[in-house]
Structures are given as C-alpha cells and as structure tokens.
Amino acid sequence: MDKEWIQTFRTEIKAFSEKVAEFEQGEIDRKAYKGFSGGMGSYAQKDAHCHMLRLRLPGGRLTKERLKFIAETVEKYQVSRMKFTTCEAIQLHDLKGEQLPEIMEKAIDSAIISKGGGGDNPRNVMSSPLSGAQQGEYLDVMPWAEAATEYLLSICRDIHMPRKLKIAFGNGVDDCVHTAFRDMGFMANQDGTFSLHIAGGLGGNPKMGILVEEQVAPEDVLYYIKAMIDTFCAHGNYQNRAKARTRFMQETLGIEGLKKTYLEMVEKAKMAGGLQLSVQPREIVKQGDGTIEHVRVLPQKQAGLYTVKYHPIGGCPNPQKMRELYETIQAMPEVECRVAPDESLYILHLTAKEAEKVLRATADSARTEFENSVACIGAAVCQQGLRDSQTVLQAAKTAVEEANIPDGALPRIRISGCPSSCAAHQAGTIGFQGWSRPLDGKLASAFKMFLDGSDELGKEQFGKEMGVIYEKDLPALLVELGQAAAKAGQNWSEWSKEHAGQQKEIIAKYL
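Residues numbered from 1 in each chain as written. Predicted model: local features only at pLDDT ≥ 70, side-chain atom pairs only at ≥ 80, totals over all residues. Heavy atoms only, no water.

**Considering the pairing of strand 16 (residues 413-416)**
Right, so step 1: Covered by surrounding structure in strand 16 are I413 and I415 together with R414 and S416, the residues of both alternating faces.
Right, so step 2: Examined bridge by bridge, strand 15 (residues 374-375) and strand 16 share two bridges and lie parallel to one another. Pairing of A375 across the sheet is with I415, part of strand 16.
Right, so step 3: Since strand 15 and strand 16 lie parallel, the crossover through helix 11 (residues 389-402) that links them has a hand, and here it is left-handed.
Right, so step 4: Sheet topology note: the strand 16/strand 17 (residues 430-439) ladder contains four bridges and is parallel. Residue pairing across strands places S416 opposite Q433, the latter belonging to strand 17. (Buried < 20%, exposed > 50% of the residue type's maximum accessible area, 1.4 Å probe, protein only. Helix = DSSP H or I, 4+ residues; strand = E, 2+ residues; numbered from the N terminus. Pairing = 2+ DSSP bridges. Right-handed = clockwise from strand over helix to strand, strands pointing away.)

Laid out in structure tokens, this is it:
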C-alpha cells in the first residue's frame, strides 16, 4: 500500500483506540462497538473483557517476516490462544483492549493489515495454499490474490456494501478454497485464463456460484472485481442483514438476470479503464537434493523441493509454536508458510534435510485423517456462537482414539458452532452445525448433521441435512460409524458407498 493509505490507516487506529476505551468503560454497548471494530479486524469475545484480532494474510501467505512478527507478538503480549482460519487468516485471541491498537500498528511494519478483517468489507482474499509449488497447477495464482487485496484495500473506505465479500483464486488442481461457492471464485484454466463463478456462499440459503465467464484474461481480473462490488452495491439487500449477501441476488434478479446485470457492469468497468494488471508469478530458483517420504510431506513441482503440512488439532496451535517454527526456518532460503483453508499450515520450498527439521518442529501435528478435522473457534470464545466446537471436536477425537478406530475409517469432519458456517460444514463429508433441541423440558446442546458434502474440483456439492443430534451423543455416533467401516475392512469412502443403507440406519439411531 502507498504511504498516504498507510498514514490514513494509522490515523484510524488512533480513533479505534478511543472506541476501545469507550467500550471498556461501558460508554458504548457491544453492538455499537462491533459496528466499528469489525472494520478494523477485531471483535469482542464472549467475555467482553477479551478481544480477538484477525490478521489478514492475502492468499494465506505467511512470510518469515510476518511469522517473526507473530512470534514476537505472542511473547510480548503473552498471547494464550490463536487460530488458523478457513479464510487463510490468523486470529489472536484473549487480548486486552489496550493491546489491540499497539498490535495493529506494529503489524503494518511486517506488511500485515487488519483493516477489513471483519464487518461489511471485502475479506481476506484466498488462494490455493500450495500455489507456485503444487504439481499439476495451471497457474501460480498468489500474485493475483495479492494484487486483488491491494486494490480492495485501496477502495474499502470509499464503498459501502450491504455485507462482506469473499474472493478466492484456485490454481486448477483442486478447489479447497471453494471458488465454486464464494462471492467470487476465479479458477485457473490450462491456457492461463480464469473461469469465474459469482454469488455463491454457505450458511443460510446456500448457493453454488453462477458461471459467468469461462475465460477471464488475467490482466482484467480487477475489472471483474469492481463489477461485482458495483453489482452488489446496486442490487444487494441493505434492509435485511440476513439476506445481505451476494447469493441472495440469484433470487432477486434471477440467475440469468444477475449474469446479464453483472456482465454489463464488467463492460462499464472496462470502458472506464485504469485497472489493467501486469503481474508475474514468482520464480523459485532454489535447488534441492536428496529425497524424503512422509505422510505430511508433499513433493513440489520443483525437483528436489518439498512442502510439510502442519495441522494443529482444531486449527489452534500452541502460540509458542510460532517462535519454534520461525527459529527452524529463518536460515532456510526461500522458505515460507501458508495458512490453508482446512486450518493447516504449509511450509513450502524445503529441501529433504530441511523438511526433516520442520517435521520435528511440528511433531504435534494431526496424525490421522480424522484428526485433520476442521472446527471454528466455538461459543466459548465467539460472541455469535451457539456451541463450543473445539470442545466437541476434542471429545470426538478422544472417543475415536479410545475405540481404536483405524486411520481412514472416518473422514475429516467439519464443525461450525452456529449457522455462520465458519468451518464450512455444508461442504464437509460429514458436517455439524450448532443447534438446540428440547430434552427433558429444557433446551439442550445439539447439532444439525450434514452428509456427503464435497469440495472436490468439478464435483462440488452441499451436504444433505440428516437431522439433529444431541451434543452428548455425537462422539458415540462417530465411533459407531467408524467401527462399521473398520469391521468391513474398508475406508470411509468405500464403506459409505457400498453400505449406504447401514450408514443411514446408524445415523437414524442418534437423531
């Protein structure tokens, strides 16, 4: 960002510090504070004396400089809890109000901007986490995610959208960033162009995105983003926040009407000009030697280089791990990290020997497919949450371990504590959404269950809602499903296809 923009942001941070003080002193209520703090990337937690700060990382890119800043912040402010998010950002939790402006200000020096991390703003722009390294990719899309971020931040003060806007870039190998059902999803084609879906989204009234363009020229990406904002501002719902997302325009304008309106906006943006992009993917010149095989090690497209996957349970690493990881990789040329949409951290561009060191530093990573499950931060922390997703995941993990369910007999699950779908439960093989259900005359903790969702490229679909299960029964359900697959000597995918009737019978017992 240019110096003038940064200076304005610093001024906003000073104004924000005054709002924090007013909130801490009870002069403004939680709702009024949220309306201001969200746009700065912060929210008060369930306990109003604690705060969350969301550090946006375009494309999930966590450079050594950024990693060092986070490690130093953890130490200086004694951060006790942090979270890798499904939007490829990092959240610092349990902060004191007076710490927020200090951290925001210091983050700027490491090219981390919190502005727009919440509220009615364009959110963190996502990209395939292995972009630039993944075998078979059509295009390293990271430069476009970073260019889109800079553009969106440059205009975020000048626009007032009905609600947030989520944009993702896929490299053509998979759709882990959910381009098929984002507000805007750019997927790289083999010829170097992008196919574009718009107005998709999870949560209430989920919608797959509409394919509006099959060959977006890479230099024209910003015109398409501007057109989406213009369309949303012109036709989004400013009266009803529950319907103030782009996916609802599929209903108000109709699919064909939305497509026509949007493409007209694209043409207007192109006629106005000034947004032509010229970006080049980064070249990795590092040479690797030696080989390594490990379940958490992925060979890159660069011969002799590897990526290590680190998945802390529930996406919540011990904050002190950031210092250990930084110390491990700081002297390794070209190595960087990426936050992934499954709440993992990838460490890229490693030689075989370097990968061995990173594996040792991340030995607390998930070991099985089930342990790689995804969960939002949960109601114990989030003021919007209904259910404590992290506690539920830990209980399920313990039950699965005690039952000796073999790896592969259960898939990854996705647990969202409320309808906001922060864990993308509707896209999971098994998904759960926080709910309530009467039990013995009182409302009890429960979850809606979704089955057979998929984010596989070309086969994206939302899970079928199966019914509601009490929280206390959720671990037992998973154990019984896993035991059935293990008894058949099959992994989850094989068993669920061949024994669909038995699967439904088991689930029905718990609904």
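Further notes follow.
**Observations concerning the environment of G385**
Right, so step 1: Here G385 shows up in the loop between strand 15 and helix 11.
Right, so step 2: Look at G385 and you get buried, because its relative accessible area is 12%.
Right, so step 3: Considering only alpha carbons, one finds G385 and W435, 50 residues apart in sequence, at a separation of 10.0 Å.
Right, so step 4: Excluding its chain neighbours within four sequence positions, the residues that come into contact with G385 are K46, A379, G417 and C418. (Contact = heavy atoms within 4.5 Å.)

**A word on the pattern of salt bridges**
Right, so step 1: Counted by the stated rule, this structure contains 36 salt bridges.
Right, so step 2: Measuring nitrogen to oxygen at the nearest pair gives 3.4 Å for the salt bridge that ties K309 to D342. Placement of the pair is K309 in strand 12 (residues 306-310) and D342 in the loop between strand 13 (336-339) and strand 14 (345-350), with a sequence separation of 33 residues.
Right, so step 3: Salt-bridge contacts for R338 lead to E336; the nearest nitrogen and oxygen are separated by 2.7 Å. The pair R338 / E336 is uniform in exposure class, with both members buried. (Salt bridge = Lys/Arg side-chain N within 4 Å of Asp/Glu carboxyl O.)

**Describing the packing of helix 12 (residues 474-487) against helix 14 (residues 500-510)**
The packing of two helices is summarised by the inter-axis angle and the distance between the axes.
Right, so step 1: Contact geometry for helix 12 and helix 14: axes closest at 10 Å, N-to-C directions at 160 degrees. In terms of orientation, helix 12 lies roughly antiparallel with respect to helix 14. Seen from above, helix 12 lies across helix 14 with right-handed handedness. Here A476, L477, E480, L481 and A484 of helix 12 come into contact with helix 14, specifically with Q502, Q503, I506, I507, K509 and Y510. (Axes fitted to C-alpha atoms, helices over the stretch in contact; angles between N-to-C directions. Parallel < 35°, antiparallel > 145°, perpendicular 65-115°, else oblique. Left-handed = near helix turned anticlockwise from the far one by under 90°.)

**Some details on the packing of helix 3 (residues 64-77) against helix 4 (residues 99-108)**
Right, so step 1: Contact pair helix 3 / helix 4: the axes reach a minimum separation of 11 Å and the direction vectors enclose 155 degrees. As judged from the angle between their axes, helix 3 and helix 4 are roughly antiparallel. Once helix 3 is placed against helix 4, the crossing between them reads as right-handed. Where helix 3 approaches helix 4, its residues F69, T73 and Y77 are matched on the opposing element by Q99, E102, I103, K106 and A107.
Right, so step 2: Residue composition of the contact of helix 3 with helix 4, grouped by class: four nonpolar, two polar and two charged. (Nonpolar A, V, L, I, M, F, W, Y, C, P; charged D, E, K, R; others polar.)

**Points about the nonpolar core**
Right, so step 1: Judged by nonpolar contacts, the single largest core of 56 residues is most densely connected at I70, I90, I329 and I347.
Right, so step 2: Here this core takes seven residues from helix 1 (residues 3-24), the largest share from any one element.
Right, so step 3: Listed in part, the 41 residues of the second largest apolar core include V141, F169, V221 and L275. (Core = buried A, V, L, I, M, F, W, Y, C linked by side-chain atoms within 4.5 Å.)

**Notes on the state of the cysteines**
Right, so step 1: Taken as a whole and assessed by the stated rule, the structure comprises zero disulfides.
Right, so step 2: Looking at the unpaired C382, the closest cysteine sulfur is the one in C418, lying at 6.1 Å.
Right, so step 3: Given the relative accessible area of 27%, C382 is considered partly exposed.
Right, so step 4: A disulfide-free cysteine, C418 has its sulfur positioned 6.0 Å from the sulfur of C422, the nearest such atom. (Disulfide = S-S within 2.5 Å.)

**So, the sheet that holds strand 14**
Right, so step 1: Taken in spatial order, the five strands of this open sheet run 3-13-14-12-11, and their pairing is antiparallel. With one partner strand each, in any of the chains shown, strand 3 (61-62) and strand 11 (297-299) form the two edges of the open sheet.
Right, so step 2: Pairing of strand 3 with strand 13 involves two bridges; the strand directions are antiparallel. Following the sheet pairing, R61 is matched in strand 13 by R338.
Right, so step 3: On the sheet, helix 9 (residues 321-329) packs against strand 12, strand 13 and strand 14 and is oriented at approximately 10 degrees with respect to strand 14.

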